[in-house]
Amino acid sequence: VTGVQTCALPILMKPGASLVSFTSDKLLAAWKACGLTSRGTLVWVKTNPAPSARPCYVSATEWIIWLSKPGAAACWNADGYTLNVIYAGRCVGEERTDHPTQKPLEVVQPLILRHSNPNDLILDPYMGSGTTLRAAKNCGRRAIGIELDEHWCEVAARRCEIGRAHV
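Basis of the calculations
- Residues numbered from 1 in each chain as written.
- Predicted model: local features only at pLDDT ≥ 70, side-chain atom pairs only at ≥ 80, totals over all residues.
- Heavy atoms only, no water.
- Disulfide = S-S within 2.5 Å.
- Buried < 20%, exposed > 50% of the residue type's maximum accessible area, 1.4 Å probe, protein only.
- Helix = DSSP H or I, 4+ residues; strand = E, 2+ residues; numbered from the N terminus.
- Polar contact = N/O pair within 3.5 Å; in protein donor to acceptor, adjacent residues only side chain to side chain.
- Contact = heavy atoms within 4.5 Å.
- Core = buried A, V, L, I, M, F, W, Y, C linked by side-chain atoms within 4.5 Å.
- Phe/Tyr/Trp six-rings, centres within 6.5 Å; stacked < 30°, edge-to-face > 60°.
- Lys NZ or Arg CZ within 6 Å of the ring centre and 35° of its normal.

Looking at this model, I keep getting lost on the state of the cysteines. Mind explaining?
Working definition of a disulfide: a covalent bond connecting the sulfur atoms of two cysteines. One pass over the structure, following the stated rule, counts 0 disulfides. Of all cysteine sulfurs in the structure, the one in Cys160 sits closest to Cys153, which takes part in no disulfide; the separation is 11 Å. Residue Cys153 is classed as partly exposed on the basis of its relative accessible area, which comes to 29%.

Here it is as structure tokens:
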């Protein structure tokens, strides 16, 4: 994601809307430079990280950033405070597709519930295998996904066709 792509997203957001994005620690400053209010960072700790064929540090975490558009209160559907660490495994079993960076419903659904209200519109500009769209459907939200690769559009469409997916 480039700075130009990143900074175009707030134009589509209503005041108070949240932007929750899986990102790199190297991009945190770029997100904050887009005129959004930094609300916090989360870390997803993968309880089953992918093994490595060579000796090295195995990547077992992903950064998630929460920003909101100024002008109204940000949506927070949680009681009091919530820890900024999510412990969950990578996708396995029936949920798993062959997408290299697929996120599990177990991680995405709570974020959608916490940062949006029923019937809100969720935008995923880098849809991949469609986890966000599937999670939005499960949570009673409307969703739009954008993806350049037609293969992943087809995978996402199949995931959204089937009945409610289990977390």
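In this structure, what is going on with helix H3 (residues 105-115)? I would like to understand it.
Note: α-helices contain 3.6 residues per turn, so residues at a spacing of three or four share the same orientation. Of all 11 residues in H3, 8 are buried; the element is thus mostly enclosed. For H3, the full list of buried residues reads Leu105, Val107, Val108, Gln109, Leu111, Ile112, Arg114 and His115.

What's the story with the side chain of Gln102 in this structure? I'm lost.
Structurally, the position occupied by Gln102 is in the loop between strand E4 (85-88) and H3. A distance of 3.1 Å separates a polar atom in the side chain of Gln102 from a polar atom in the side chain of Arg96. Here Thr97 takes part through its backbone nitrogen, which lies 2.7 Å from a polar atom of the side chain of Gln102. In contact with Gln102, other than residues within four places in its own chain, are Cys91, Glu95, Arg96, Thr97, Ser129, Thr131 and Arg159.

Teacher, can you tell me more about unusual backbone geometry here?
A negative phi angle characterises most non-glycine residues, just as the trans form characterises most peptide bonds. With phi around 70°, Asn119 is a residue other than glycine that occupies positive phi space. Tracing the chain through its elements places Asn119 in the loop between H3 and strand E5 (121-124). By relative accessible area, which is 55% here, Asn119 ends up exposed.

How should I be thinking about the nonpolar core in this particular structure?
As a rule of thumb, nonpolar side chains are buried together in soluble globular proteins. Core analysis: the biggest nonpolar cluster contains 9 residues, these being Leu9, Met13, Ala17, Leu19, Leu28, Trp31, Leu36, Ile65 and Leu67. Sorting the residues of this core by element identifies helix H2 (28-32) and strand E3 (61-68) as the ones contributing at least two each. Sequence-distant contacts of Leu67, defined by excluding residues within four places in its chain, comprise Ala17, Ser18, Leu19, Trp31, Lys32, Leu36, Thr37, Ser38 and Arg39.

Would you take a moment to explain the packing of aromatic side chains for this structure?
For any pair of aromatic rings, geometry is given as the distance between the ring centres together with the angle between the planes. For the structure shown, the criterion picks out 2 aromatic pairs. A centroid spacing of 6.2 Å and a plane angle of 80° characterise the contact between Phe22 and Trp44, whose relative ring orientation is edge-to-face. Taken together, the residues Phe22 in strand E1 (residues 18-23) and Trp44 in strand E2 (residues 37-46) connect sequence positions 22 residues apart. Taken together, a centroid distance of 5.3 Å and an interplanar angle of 20° make the contact between Trp66 and Trp76 stacked. Note that Trp66 is positioned in strand E3 and Trp76 in the loop between E3 and E4, a separation of 10 residues in sequence. For Trp66, a relative accessible area of 9% translates into the label buried. A cation sits over an aromatic face here: Lys46 above Trp44, 5.1 Å from the ring centre. Positioned above the aromatic ring of Phe22 is the side chain of Lys103, whose terminal nitrogen or guanidinium carbon lies 5.1 Å from the ring centre.

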